[in-house]
Every structure is written in C-alpha cells, then in structure tokens.
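Residue strings, one per chain:
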Amino acid sequence: MKLEVKQYEEKMKKSIASYEEELASIRVGRANAKVLDKVEALYYGTPTPINQMAEIKAADPKTLVITPWDATSLKAIEKAIQASDIGITPANDGKCIRLSFPPLTEERRKELTKNTSKLGENAKVALRNIRRDANDKCKDMKKASEMTEDEQKQSEKDVQDLTDKYIKLVDDITSKKQKEIMEI
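Residues numbered from 1 in each chain as written. Predicted model: local features only at pLDDT ≥ 70, side-chain atom pairs only at ≥ 80, totals over all residues. Heavy atoms only, no water.

Peer 1: What exactly am I supposed to notice about the overall build of the chain here?
Peer 2: Secondary structure assignment for the chain yields four helices and six strands. N-terminal to C-terminal, the α/β element order of the chain is α-β-β-β-β-α-β-β-α-α. If one aligns the C-alpha atoms of the chain with their principal axes, the spans along those axes are about 70 × 40 × 20 Å. Split into buried and exposed, the 184 residues of the chain put 40% on the buried side. The long-range fraction of contacts in the chain, counting pairs at least 24 apart against all pairs at least 6 apart in sequence, stands at 65%. Element-wise, carbon and sulfur atoms account for 50% of the exposed surface of the chain, whose accessible area totals about 10900 Å². (Helix = DSSP H or I, 4+ residues; strand = E, 2+ residues; numbered from the N terminus. Buried < 20%, exposed > 50% of the residue type's maximum accessible area, 1.4 Å probe, protein only. Contact = heavy atoms within 4.5 Å. Areas by Shrake-Rupley, 256 points an atom, 1.4 Å probe, with all protein chains shown as cover.)

Peer 1: Looking at this model, I keep getting lost on the pairing of strand S3 (residues 54-60). Mind explaining?
Peer 2: Successive residues of a regular strand alternate their side chains across the two faces of the sheet. With six bridges connecting them, S3 and strand S4 (residues 63-68) associate as antiparallel partners. Across the sheet, the residue bridging to Asp 60 is Thr 63, located in S4. Where S3 folds back onto S4 in an antiparallel hairpin, the turn is made up of two residues. (Pairing = 2+ DSSP bridges.)

Peer 1: Would you explain the packing of helix H1 (residues 5-24) against helix H3 (residues 106-143) in this entry?
Peer 2: Helix-helix packing: each pair is described by the crossing angle between the helix axes and the interaxial distance. Contact pair H1 / H3: the axes reach a minimum separation of 10 Å and the direction vectors enclose 170°. One element, H1, and the other, H3, form an angle in the roughly antiparallel class. Touching Tyr 8, Lys 11, Met 12, Ser 15, Ile 16, Tyr 19, Glu 22 and Leu 23 of H1 are Thr 116, Leu 119, Gly 120, Ala 123, Ala 126, Leu 127, Ile 130, Arg 131, Asp 133, Ala 134 and Lys 137, all from H3. Here the contact of H1 with H3 is built from residues that sort into 11 nonpolar, three polar and five charged. (Axes fitted to C-alpha atoms, helices over the stretch in contact; angles between N-to-C directions. Parallel < 35°, antiparallel > 145°, perpendicular 65-115°, else oblique. Nonpolar A, V, L, I, M, F, W, Y, C, P; charged D, E, K, R; others polar.)

Peer 1: Help me understand the sheet that holds strand S5 (residues 91-92), please; the structure alone is not making it clear to me.
Peer 2: The pairing of strands in a sheet comes from backbone hydrogen bonds and takes either a parallel or an antiparallel form. An order of S3-S4-S6-S5 is seen for the four strands of this open sheet, with the pairing classed as antiparallel. The sheet is open, and its two edges are formed by S3 and S5, each paired on a single side. Taken together, the four bridges between S4 and strand S6 (residues 97-100) define a ladder with antiparallel strand orientation. Its bridge partner being in S6, Val 65 is matched across the sheet by Arg 98. Across the face of the sheet, helix H2 (residues 74-83) comes into contact with S3, S4, S5 and S6 while running at roughly 20° to S6.

Peer 1: How should H3 be read in this particular structure?
Peer 2: One turn of the α-helix equals 3.6 residues, which is why residues spaced by three or four share an orientation. Between the first and last C-alpha of H3 there are 55 Å, a value that for 38 residues agrees with the 56 Å anticipated at 1.5 Å per step. Phi turns positive, to about 60°, at Ser 145, one or two residues after H3. (Expected span 1.5 Å × (residues − 1).)

Peer 1: Any chance you could explain the pattern of salt bridges here in plain terms?
Peer 2: A side chain with one charge may pair with a side chain of the opposite charge, provided their charged atoms come close. Under the defined criterion, the tally for this structure stands at nine salt bridges. Note that Glu 9 and Lys 165 form a salt bridge whose closest N and O atoms lie 3.6 Å from each other. Residue Glu 9 is found in helix H1, and its partner Lys 165 is found in helix H4 (residues 149-183); the two are separated by 156 residues along the sequence. The class for Glu 9 is buried, based on a relative accessible area of 13%. A single network of salt bridges, built from pairs that share partners, joins Lys 6, Glu 9 and Lys 165. (Salt bridge = Lys/Arg side-chain N within 4 Å of Asp/Glu carboxyl O.)

Peer 1: For this particular structure, what's the right way to read the nonpolar core?
Peer 2: Where a protein is soluble and globular, its nonpolar side chains tend to be buried together. Grouped together as the largest cluster of nonpolar side chains are 25 residues, with contacts concentrated most on Leu 3, Tyr 19 and Leu 127. Listed by contribution, the elements that provide at least two residues to this core are H1, H3 and H4. Broken down by element, this core gets its largest block of residues, eight residues, from H3. Of all hydrophobic cores here, the second largest spans 20 residues; its members include Ile 50, Ile 56, Ile 81 and Ile 97. (Core = buried A, V, L, I, M, F, W, Y, C linked by side-chain atoms within 4.5 Å.)

And the structure:
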C-alpha cells in the first residue's frame, strides 16, 4: 500500500494560497484594498473586518476611499486604521475616509523586501512541516506492516519531489513580489 500523496499536495496548495494572500496585503505604493483585509474595527463591540462594514474603492492609483454603510462606525474605522501597521494616516471628511498612498522610500522598499523574504521562509517551513508529517505517516505505515520498505522509500521520494516543486513555487512568487516592490 502506497501513501496517499494527494492529501499532502492539497495541504501544500493551501499553504501557497495562504502565502499569496499574505503577500497581497503588503502595500507596494499603489492603492490596493487588500491592505485593509486584516484590519478590524469595533462595530457594536465586536471586532469586524473593515471590508464587511464599508465600501472600499480606489479613487485613483494612489487613493483609497472607505465609505461606511453605517455613518456611526466612521470613527471606529479611522481609529482601527491608525492602530494598524499599514503606515498610512487616514483623512476623515465626516462621510468617508481617504487613504493616500505616498510613494515608497528606498528604506521602506528594502524593509518590505526583507519582510517578503521572511514570509517566504515561513511558507517554506510550513511546506517542510507537511513533508515531515507525510514522512512520519510513511514510517508509521511501515512499522505497522502496511507498506514495504520499497514503498516507503518511493512514497518519501514522491513527497520530497512534491515539496521541492512547491518550495520552488514559493521562491518564484517571492522574487516576483520583490521585483514588484523595487520597480514601483
């Protein structure tokens, strides 16, 4: 009996999707509503994502406009943005909040590039943990005589090939994002 590699591939795909989602939330000089995905404001005492309590749209390439559906939540949204780590001061005009994205400084670009590398390493660690789980499962199956030693070696090789493929994908995604950061 051979190890079911598909289930581990699904886990790796989910790790890659999560990594891409994290990268999308890094601001790179132009207005992108994804930077607000992790920002939550108190709405009737409950932390609520801003995108669930307001319309977020790009007025131009450098400006986001946040229009809350409930005008009473305007102050809470403004406070949440100020407390977040996106590094932009909101401008409140009483009806909506404007976020103006300044051009990135060289120092900020280097910081973002370094942060992107760190996120890439975290994604690789997640992939390696999935590989370790798969290899542990192989050893357990071998110990329980559910697979032969040859099957164990083949399964471990298949998992390693899969891990190599996804680690290369993380490297490609990381370098693409870093290039995007440095070019803007």
